[in-house]
Structure formats: C-alpha cells, structure tokens
Amino acid sequence: MPVTIYHNPQCSKSRQTLQLLCDKGVEPDIVEYLKSPPDAKTLAGLLKKLGLVPRELMRRKEAAYKENGLADNNLDDATLIDGMVSNPILIERPIVVNGQRAALGRPPEAVLDIL
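Every value quoted in this text rests on a predicted model; they were computed, and no experiment measured them.

A. Spotlight on the overall build of the chain. Helix and strand content of the chain: four helices and four strands. Seen in sequence order, the chain has helices and strands lined up from the N terminus as β-α-β-α-α-α-β-β. Over its C-alpha trace the chain gives a radius of gyration of 14 Å, about what one expects of a compact globule, namely 13 Å for 115 residues. In terms of its C-alpha atoms, the chain occupies a principal-axis envelope of roughly 45 × 25 × 20 Å. Across the 115 residues of the chain, 44% fall into the buried class. Sequence-distant contacts in the chain: of pairs separated by 6 or more residues, those separated by 24 or more amount to 62%. Total accessible area on the chain stands at roughly 6400 Å², and carbon and sulfur atoms take up 47% of it. Put simply, the chain has 15 plus and 15 minus side-chain charges, and the middle of one group is 3 Å from the middle of the other.

B. Region of interest: the sheet that holds strand β1 (residues 3-7). Spatial strand order, β2-β1-β3-β4: four strands in an open sheet with mixed pairing. Taken across any chain shown, the strands that pair with only one partner, and hence form the sheet edges, are β2 (29-32) and β4 (101-104). Here the strands of the sheet are splayed against their neighbours by 20° on average, with no regard to which way each runs. In this structure, strand β3 (residues 95-98) lies alongside β4, joined through four bridges in antiparallel fashion.

C. Up close: the nonpolar core. Leu43, Leu57, Met58, Met84, Leu90, Ile91 and Ile95 are the most contacted members of the largest nonpolar core, which totals 20 residues. Sequence-distant contacts of isoleucine 95, that is, excluding residues within four places in its chain, are made with Thr4, Ile5, Tyr6, Leu46, Leu50, Leu57, Ala103 and Leu104.

D. How the structure looks around unusual backbone geometry. With an omega of -10°, the peptide bond running from arginine 93 to proline 94 counts as cis. Of note, proline 94 is situated in the loop between α4 (77-86) and β3.

Rules used in this analysis
Residues numbered from 1 in each chain as written. Predicted model: local features only at pLDDT ≥ 70, side-chain atom pairs only at ≥ 80, totals over all residues. Heavy atoms only, no water. Helix = DSSP H or I, 4+ residues; strand = E, 2+ residues; numbered from the N terminus. Rg over C-alpha atoms; globule rule 2.2 N^0.38 Å. Buried < 20%, exposed > 50% of the residue type's maximum accessible area, 1.4 Å probe, protein only. Contact = heavy atoms within 4.5 Å. Areas by Shrake-Rupley, 256 points an atom, 1.4 Å probe, with all protein chains shown as cover. Lys, Arg positive; Asp, Glu negative; His and termini not counted. Charge placed at Lys NZ, Arg CZ, Asp CG, Glu CD. Pairing = 2+ DSSP bridges. Axes fitted to C-alpha atoms, helices over the stretch in contact; angles between N-to-C directions. Core = buried A, V, L, I, M, F, W, Y, C linked by side-chain atoms within 4.5 Å.

Shown next, in the form of structure tokens:
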C-alpha cells in the first residue's frame, strides 16, 4: 500500500519527515498540498484517520485564520474544513497516510507509528 505525504517543501518539519521516510526505505507519493489542496471530502477523511477535529489541524497563527473569521468558536466542522480547503496554508503539515492510518509529522518521528 502506498504511503502519501501531504508536504510543503518550505517547511522544515515537512522536509525532515520526508527525509525520515526516505531513510526508512519508504518512497511516498508526495502531494504538495499548497499547489494541489485536498477537497473537503478528502480533508474530512484525513481528519478521521488522524482522529482530530478540524480546529486541531489548523495553523491558528496564520493570518488567514483570523482574516477569514475562522477563530470564531461557534463555527461548525464543515465551515472550518471549507476554510482549510480555501486557504490550504492553514492545514498543519506534514500529514502522512498509510492505508487507513495517518499521522501528523510533528515531531517527524510521530509518523513511524503508522509505517
């Protein structure tokens, strides 16, 4: 089963996680999610695999978080997911997927549990 990494090459943790996978002999499919953002259905599936709610996967210090009104605690999950789809910079990275399991590479070693 192929391993996929949702990757941002500008992010040091993302680069470290990709290198860790390669060092372990894993050649993942690389999705540069800023260029090819996941749609709402894919993002909802990733959240389920990660065991997270949308806000836990959001980069809340990004300007787009406040600029788009996403800091409002009354927003529902669908609205938050739509916010990440529209502003993929808000998606925490990297996300590594292996079958029905996923892990956030923070720290990079966290992904070893799903390999």
